[in-house]
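Summary of the model geometry
Each chain is listed here by its residues.
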Amino acid sequence: MAKAKDQLSGWSFGASAFLHVLAYAVIFLLADRPQLKPPQEQSVNVEIVTLPPPVEERHEPPQQVSPSETREASQENEPGDRADTSTIPQVALPRDEMPAMVKPSHMLSEKVLDDPRSRNARKELAALAPADQIEQLCGLEAMAQVGEWSKKLLPDRVVAYAMADPKMVGNAFSADGAALHSKRDWFKLQFKCELTPDHKKVAAFEFLIGDPIPRKDWADHSLSDEGGSLD
């Protein structure tokens with residue numbers, strides 16, 4: 001029995017080396033977060049323009065061209081006298097080399113929260129405001145999916161609003177300027193989190209990991225130093 005408990009102490013989705021870290025990280029992340037800002041309506045100024053009256057077209061009879069003028073025009077258009085009209089090669093525009101988003105087929109946050117070790121985290125998550133519940137649930141999904149996708153990263157924190165404010169449109173929570181903490185570094189993170197209509201579970205998820213964030217920029221983006229707390 002003791003040996004079985006030791007095998008369950010680590011967290012991983014395949015070998016149980018990562019689940020405990022995520023379950024503990026849920027409690028760490030359940031802090032007050034800025035409320036999502038509703039999209040502002042933009043007014044459009046419409047200007048009525050009075051068009052001038054239409055111009056009547058005048059049909060003039062075609063001018064008569066004399067035979068001598070016709071011969072001179074044909075001589076000027078001889079192949080030897082024509083200018084070089086070869087086609088100028090068109091330079092192809094470079095294609096968008098933006099890496100594709102990773103789109104997992106299985107959602108993982110529900111499995112993390114169903115673990116017995118996440119009992120307290122579930123209670124604290126339920127006590128949050130709806131907007132904060134969504135942010136924390138999607139942040140948990142981000143940590144789980146990145147940890148499953150990469151064997152080098154060990155995510156334990158996600159800040160959805162680090163570089164830019166997240167957005168909520170319908171049932172989709174998007175964070176284009178998020179940050180993910182792994183080991184001793186913060187990494188740029190972009191993700192989109194589709195929720196069920198009741199906003200209690202993650203229905204679909206996609207993400208993209210970026211470059212490490214320089215340490216000198218951490219404080220400007222509310223990212224904690226080692227052993228520190230988030231602002």
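Fair warning: this is a prediction, and the values are worked out from it, not measured in the lab. (Residues numbered from 1 in each chain as written. Predicted model: local features only at pLDDT ≥ 70, side-chain atom pairs only at ≥ 80, totals over all residues. Heavy atoms only, no water.)

**Details of the side chain of His181**
Looking at where His181 falls in the secondary structure, it is placed in strand E3 (residues 172–182). Polar contacts involving the side chain of His181 include one to the side chain of Asp156, which spans 2.8 Å. One polar contact links the side chain of His181 to the main-chain carbonyl oxygen of Lys183, over a distance of 3.4 Å. (Helix = DSSP H or I, 4+ residues; strand = E, 2+ residues; numbered from the N terminus. Polar contact = N/O pair within 3.5 Å; in protein donor to acceptor, adjacent residues only side chain to side chain.)

**Concerning the nonpolar core**
Ranked by size, the top nonpolar core spans 27 residues in total, and within it Phe173, Leu189, Phe191 and Cys193 carry the most contacts. Within the residue set of this core, elements represented by two or more residues are helix H4 (109–114), helix H6 (130–149), E3, strand E4 (185–195) and strand E5 (202–212). Examining the composition of this core, we find that seven residues originate from one element, H6, more than from any other. In this structure Leu189 touches Ala142, Val158, Ala175, Asp176, Gly177, Ala178, Ala179, Leu180, Phe207, Leu208 and Ile209, once residues within four positions along its chain are discounted. (Core = buried A, V, L, I, M, F, W, Y, C linked by side-chain atoms within 4.5 Å. Buried < 20%, exposed > 50% of the residue type's maximum accessible area, 1.4 Å probe, protein only. Contact = heavy atoms within 4.5 Å.)

**Topic: the confidence of the model for the chain**
Scored by pLDDT, the chain has a mean of 75; 55% of the residues are at 70 or more. This model gives residues 1–17 a pLDDT under 50, and the stretch forms 29 contacts once residues within four places in sequence are excluded. When the criterion is pLDDT under 50, residues 38–52 qualifies, and its contacts beyond four places in sequence or with other chains add up to zero contacts. (pLDDT = per-residue confidence, 0-100.)

**Comments concerning the packing of aromatic side chains**
Within a pair of aromatic rings, the relevant descriptors are the distance that separates the centres and the angle that separates the planes. Throughout the structure, instances matching the rule amount to four aromatic pairs. Between Phe191 and Phe205, the ring centres sit 5.5 Å apart and the planes meet at 20 degrees, which makes this aromatic pair stacked. On the criterion of sequence distance, the pair formed by Phe191 in strand E4 and Phe205 in strand E5 is long-range, its members being 14 residues apart. Taken together, a centroid distance of 6.3 Å and an interplanar angle of 40 degrees make the contact between Phe205 and Phe207 tilted. In this structure Phe205 comes out as buried when scored by relative accessible area, which is 4%. Accessibility expressed as a relative area gives 0% for Phe207, which makes it buried. Members of the aromatic cluster, joined through ring pairs, are Trp149, Phe173, Phe191, Phe205 and Phe207. (Phe/Tyr/Trp six-rings, centres within 6.5 Å; stacked < 30°, edge-to-face > 60°.)

**Brief notes about unusual backbone geometry**
Located in the positive-phi region is Lys183, a residue other than glycine, with phi close to 60 degrees. Of note, Lys183 is situated in the loop between E3 and E4. One non-glycine residue, His199, lies in positive phi territory at about 60 degrees. Looking at where His199 falls in the secondary structure, it is placed in the loop between E4 and E5.

**A short note on the layout of surface pockets**
Taken as a whole, the largest pocket spans an internal volume of roughly 310 Å³. If you go around the largest pocket, you meet 15 residues; those closest to its centre are Leu113, Leu125, Leu137, Lys200 and Lys201. Put simply, the parts of the chain that give the lining of the largest pocket at least two residues each are H4, helix H5 (119–127) and H6. It is H4 that provides the largest number of residues to the lining of the largest pocket, a total of four residues. Considered class by class, the residues forming the lining of the largest pocket number seven nonpolar, three polar and five charged. (1 Å grid on protein atoms, 1.4 Å probe; cavity = no way out; pocket = protein on both sides within 12 Å on 5 of 7 lines; lining within 4 Å. Points joined across faces, edges and corners; volume = space filled by probe spheres on them. Nonpolar A, V, L, I, M, F, W, Y, C, P; charged D, E, K, R; others polar.)

**Side note on H6**
Relative to the 28 Å expected for 20 residues at 1.5 Å per residue, H6 spans 28 Å between its end C-alpha atoms, a close match to the ideal helical length. Among the 20 residues in H6, 16 count as buried, and that is most of the element. (Expected span 1.5 Å × (residues − 1).)

**Brief notes about the state of the cysteines**
A full pass over the atoms with the stated rule returns one disulfide. Each sulfur of the disulfide joining Cys138 and Cys193 lies 2.3 Å from the other. Judged by the sign of its S-S torsion, about -80 degrees, the cystine formed by Cys138 and Cys193 is left-handed. Of this pair, Cys138 sits in helix H6 while Cys193 sits in strand E4, placing them 55 residues apart in sequence. Of the two residues, Cys138 and Cys193, neither departs from the other in class, the shared state being buried. (Disulfide = S-S within 2.5 Å.)

**As for the pairing of strand E1 (residues 155–159)**
Counted residue by residue, E1 has four buried out of five residues, so it is predominantly covered. Relative to E3, E1 runs antiparallel, the two being bridged by four bridges. In the sheet register, Val158 faces E3, and the bridge partner there is Leu180. (Pairing = 2+ DSSP bridges.)

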